[in-house]
Amino acid sequence: MKTINLTRRQTLAALAGVTVPPTTAVAIAASGLAPMTIDEFLSKATLAEKVRYHANALADAMAEMHPTHFWRAEVDHAHQFALIVGDPLSKRETRK
């Protein structure tokens, strides 16, 4: 059996070509499914998903506290750390 090796770009390009019929969205909306709460998500999430969620939540909280900065969260599982970084918006605008 031959294995297929796809790069990330090839995979994204293939997914971009996939279409979902509009009736699917209507069927989901008509089914009345309630959106998942954060507690439900966290109870089912993997550890990596929980780390990403909390890192992003911390970046969002920092953005509310310090709106003069652009905040982002970086998670590195290989080196076991999460980093929340705030770049001044003034620096970010001059780089354009």
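It should be noted that the structure appears before, not after, this text.
All of these numbers come straight from a predicted model, not from anything done at the bench.

Engineer: Give me the lowdown on the overall build of the chain, citing residues and values where you can.
Structural biologist: The helix and strand tally for the chain stands at five helices and two strands. Sequence-ordered secondary structure for the chain, helices as α and strands as β, is α-α-α-α-β-β-α. For the chain, the proportion of its 96 residues judged to be buried stands at 7%. Restricting the contact set of the chain to residue pairs at least 6 apart, pairs at least 24 apart contribute 11%. In the structure as shown, the chain presents an accessible area of about 8400 Å², 63% of it carried by carbon and sulfur atoms.

Engineer: Please set out the pairing of strand E2 (residues 81-88) residue by residue, giving values where relevant.
Structural biologist: With eight bridges joining them, strand E1 (residues 69-76) and E2 adopt antiparallel strand pairing. Residue pairing in the sheet places His69 in a bridge with Pro88 of E2. Two successive antiparallel strands, E1 and E2, enclose a turn made up of four residues, where Gln80 displays a positive phi of approximately 55 degrees.

Engineer: Outline the environment of Pro88, supporting the account with residue identities and numerical values.
Structural biologist: By secondary structure assignment, the location of Pro88 is in strand E2. Excluding anything up to four places from it in sequence, Pro88 contacts Thr68 and His69.

The rules behind each value
- Each chain carries its own residue numbering, running from 1 in the direction its sequence is written.
- The predicted nature of this model means local features are confined to residues of pLDDT at least 70 and side-chain atom pairs, given and counted, to a pLDDT of 80 or more, with totals for whole chains, interfaces and linings taken over all residues.
- The basis for every side-chain value is the complete set of non-hydrogen atoms in the structure, without hydrogens or water.
- Helix and strand assignments follow DSSP, with helices taken as H or I runs no shorter than four residues and strands as E runs no shorter than two, numbered in order from the N terminus.
- Only protein chains enter the area calculation, which uses a 1.4 Å probe; residues under 20% of their type maximum are buried, those over 50% are exposed, and those in between are partly exposed.
- We call two residues in contact when some of their heavy atoms are within 4.5 Å.
- Each accessible area value is a Shrake-Rupley result obtained with a 1.4 Å probe; residue values ignore everything except the protein chains displayed when judging cover.
- In short, DSSP must find at least two bridges between two strands for them to pair.

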